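So you can see what is in the structure, the chains are spelled out below.
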Amino acid sequence: MTIYENINALTGYALTTGLIKNEDAVFTQNRLLELFDLDGFESPEQALEIPETQVSDLERILKEMLDYAGEKKLFNDESIVYRDLFDTKIMGLLVARPSDVQKEFWEHYRKSAKEATDWYYKFSQDTDYIRRYRVCKDLKWQSKTEYGDMDITINLSKPEKDPKAIAAALNAKQSGYPSCLLCKENEGYRGRVNHAARQNHRIIPITLNGKEWGLQYSPYVYYNEHCIVFSYEHTPMKISKDTFKTLFDFLKLFPHYTVGSNADLPIVGGSILTHNHYQGGNYEFAMARAPIEESFCVKGYKDVKAGIVKWPMSVIRLDGKNPEHVIELADHILTAWRSYTDKEAFIFAETEGNPHNTITPIARKRGKLFELDLVLRNNITTEEHPLGVYHPHASLHHIKKENIGLIEVMGLAVLPSRLKKELKDLGNAIVNKKDLHSDEVLSKHASWVEEFTPKYASQGGITEANVEKILQDEVALVFSKVLEDAGVYKRTPEGKEAFHKFIKVL
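Quick look at the structure, then. On a predicted model such as this, the values are computed, not experimentally measured, just so you know.

Concerning the overall build of the protein
Working step 1: A count of helical and extended segments in the protein gives 17 helices and 15 strands.
Working step 2: The C-alpha radius of gyration computed for the protein amounts to 25 Å, which stays within 12% of the reference 23 Å derived for 506 residues, consistent with globular compactness.
Working step 3: Across its three principal directions, the C-alpha atoms of the protein cover 80 × 60 × 45 Å.
Working step 4: A total of 506 residues make up the protein; the buried ones form 54% of that total.
Working step 5: In the form shown here, the protein has an accessible surface area of approximately 23700 Å², with 51% of it arising from carbon and sulfur atoms.

Regarding the sheet that holds strand β5 (residues 227-231)
Working step 1: As summarised here, the arrangement of the ten strands in space is β3-β4-β5-β7-β6-β13-β14-β10-β9-β8, forming an open sheet in which the pairing is antiparallel. A strand with exactly one partner marks an edge of an open sheet, and here the two such strands are β3 (204-208) and β8 (292-296). For this sheet, the mean angle separating the axes of adjacent strands, direction not counted, is 25°.
Working step 2: Contacting β10 (315-320), β13 (357-366) and β14 (369-378), helix α12 (residues 323-338) crosses the sheet at an angle of about 10° to β14.

A word on the nonpolar core
Working step 1: With 101 residues, the main nonpolar core has Phe36 and Tyr489 as its most contacted residues.
Working step 2: The biggest single contributor to this core is α12, with eight residues.
Working step 3: With near-sequence residues (within four places) excluded, tyrosine 489 lies in contact with Ser314, Trp337, Tyr340, Ala345, Ile347, Leu376, Gly495, Ala498, Phe499 and Phe502.

Considering helix α5 (residues 80-92)
Working step 1: For α5, with 13 residues, the first-to-last C-alpha span of 18 Å sits near the 18 Å given by 1.5 Å per residue.
Working step 2: Among the 13 residues in α5, eleven count as buried, and that is most of the element.

A word on a negative patch on the surface
Working step 1: A grouping of Glu5, Glu42, Glu45 and Glu49 is seen on the molecular surface, where their side chains present a negatively charged patch.
Working step 2: With respect to the helices, strands and loops of the structure, glutamate 45 is situated in helix α3 (residues 44-47).

Things to note about the side chain of asparagine 6
Working step 1: With respect to the element layout, asparagine 6 can be found in helix α1 (residues 3-17).
Working step 2: In this view, asparagine 6 contacts Met1, Arg60, Ile61, Glu64 and Met65; residues no more than four positions away in its chain are not counted.

Examining the packing of α1 against helix α2 (residues 25-35)
Working step 1: Running from amino to carboxyl end, α1 crosses α2 at an angle of 135°, the nearest separation of the two axes being 10 Å. In terms of axis orientation, α1 runs oblique to α2. You can see that α1 and α2 cross each other, and the crossing is right-handed. Every residue of α2 that contacts α1 at Tyr4, Ile7, Asn8, Leu10 and Thr11 is listed here: Ala25, Thr28, Gln29, Leu32 and Leu33.
Working step 2: Within the contact of α1 with α2, the residues separate by chemical class into six nonpolar, four polar and no charged.

Focus: the sheet that holds strand β15 (residues 412-415)
Sheets are built from strands that pair by backbone hydrogen bonding, the pairs being arranged parallel or antiparallel.
Working step 1: What the three strands build is an open sheet, ordered β1-β2-β15; its pairing is mixed. Of all the strands in the sheet, just β1 (139-145) and β15 have a single pairing partner and so form its edges. Recorded for the sheet is a direction-independent mean angle of 25° between the axes of neighbouring strands.
Working step 2: As paired strands, strand β2 (residues 148-154) and β15 are joined by four bridges and run parallel to one another. The residue of β15 that forms the bridge with isoleucine 154 is leucine 415.
Working step 3: Across the sheet, helix α14 (residues 418-431) is in contact with β1, β2 and β15; its angle to β2 comes to roughly 105°.

Section: the pattern of salt bridges
Working step 1: As enumerated under the stated definition, the model contains 32 salt bridges in all.
Working step 2: For arginine 83, the salt bridge goes to aspartate 67, with nearest N and O atoms at 3.1 Å. With arginine 83 in helix α5 and aspartate 67 in helix α4 (residues 58-71), this residue pair connects regions lying 16 residues apart in the sequence.
Working step 3: With relative accessibility at 13%, the residue arginine 83 sits in the buried group.
Working step 4: Relative accessible area serves as the criterion here: at 25%, aspartate 67 is assigned to the partly exposed category.
Working step 5: Taking the shortest distance from any N to any O, the salt bridge between glutamate 78 and arginine 83 comes out at 2.6 Å.
Working step 6: The partly exposed category is assigned to glutamate 78, whose relative accessible area is 42%.
Working step 7: Look at the salt bridges and you will find they share partners, linking Asp84, Asp87, Asp128, Arg131 and Arg134 into a network.

Things to note about the packing of α1 against α4
Working step 1: Where α1 meets α4, the axes come as close as 10 Å, and the angle between the chain directions of the two elements is 145°. Viewed along their axes, α1 and α4 form a crossing whose handedness is left-handed. Two secondary-structure elements touch here, α1 through Ile3, Asn6, Ile7, Ala9, Leu10 and Tyr13 and α4 through Leu58, Arg60, Ile61, Glu64, Met65 and Tyr68.
Working step 2: Looking at the contact of α1 with α4 residue by residue, the classes come out as nine nonpolar, one polar and two charged.

About the thresholds
- Residues numbered from 1 in each chain as written.
- Predicted model: local features only at pLDDT ≥ 70, side-chain atom pairs only at ≥ 80, totals over all residues.
- Heavy atoms only, no water.
- Helix = DSSP H or I, 4+ residues; strand = E, 2+ residues; numbered from the N terminus.
- Rg over C-alpha atoms; globule rule 2.2 N^0.38 Å.
- Buried < 20%, exposed > 50% of the residue type's maximum accessible area, 1.4 Å probe, protein only.
- Areas by Shrake-Rupley, 256 points an atom, 1.4 Å probe, with all protein chains shown as cover.
- Pairing = 2+ DSSP bridges.
- Axes fitted to C-alpha atoms, helices over the stretch in contact; angles between N-to-C directions.
- Contact = heavy atoms within 4.5 Å.
- Core = buried A, V, L, I, M, F, W, Y, C linked by side-chain atoms within 4.5 Å.
- Expected span 1.5 Å × (residues − 1).
- Patch = residues over 30% accessible without salt bridge, like charges linked within 9 Å, V, L, I, M, F, W, Y side chains within 5 Å.
- Salt bridge = Lys/Arg side-chain N within 4 Å of Asp/Glu carboxyl O.
- Lys, Arg positive; Asp, Glu negative; His and termini not counted.
- Charge placed at Lys NZ, Arg CZ, Asp CG, Glu CD.
- Parallel < 35°, antiparallel > 145°, perpendicular 65-115°, else oblique.
- Left-handed = near helix turned anticlockwise from the far one by under 90°.
- Nonpolar A, V, L, I, M, F, W, Y, C, P; charged D, E, K, R; others polar.

Scope: geometric values only; no functional claims are made or implied.
The following block contains the structure:
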């Protein structure tokens, strides 16, 4: 299609999705003509040829527009970084001002919180802030483990930068605006080679615990309605009593969502510790389905049910109708854990002045109950485990080496994109009985394969028909071990006894 036809097709897309109204069509066409440095259509009739564009057509339309813009040198080069900067600029021309978006959100909210988030989630996809055509490429599956069905994802939606773009980003002038990718100043920001464009980004302001926060969705949605709740102040992550208050205030606004926070220390925290934020969404994680293994009661908090969750990590679950009482008990547990040392269990509150104990909290509503899961974390390192004692150990790094953040804690593995090809090649190698140790890439998986293959011998062996499913199931079992490594109290008689020791302190 010509650039003129694509301008009309994109205008049709905006009409189909409701981003613009009929009265906005000519205005939108003219803005797109300006962006592509065009004086007008080739004929008056051409301007009227706006087709009924399908949502699925967007990827093709943007690709052809970017190809044209690249030929005309409207951006620096053809790498994915510059193409993403320019296509976000294109889509930004279709998106209403923040005040109009916020007004529509709260109009939906007056009917129900779910209607509001349903509208906002669709809007965030229609604007291409969430790129549907990339997210659908992620590999996802569920596999059974002793802790329930674990969710596994291999992230393919975040494009890899080419070396030239990486070099350009390193050489680019460093700017303190916006301070990071989570700041409110990103709304409508043009972006640069070392900072994603956000012209199509719109934020919903909300008040939590008496302070201003923003609601948005993650561009790389790892699960349904994966949202980010961020402070309007650029302040570091800090788990405190205010955290629990803020999480519960969010649930009062959006009771159909789960919301949680990464821990506030390196190794056990998330990837962005410099800006206080939480993650949530309309999804039931495996941890939420996990039962209470042992119940206990803390003196002074009889109206709050407490228990240890059957989970590979060390989780205390609190349930109560009065959120204030749940918050008080959570703060009591957090305070106790921050200063808790048990040398026999290799738990140290601090070494050489560096704090090690913190908590990953997850909040949800169950009917009238406010529920809070408190995951005990510790980030101590040793010579044997330089990346963290309570971190995936070296034998599991062939599958997962990165930090275990909030999403993984809840039972959803976010695995690196390299595994898509590696697992496919590994399956072929296993079926054809190739020597894995001699393969430069696959050799890191050899010991793992040798460990699990014998158990399938009595089931007819591993064949071309079942190898993919077997590898998926075995990856999920590795992920369970990853979470076990991250647990401060192991699921052994000794580990349970040490856990009970801490419970008694409460």
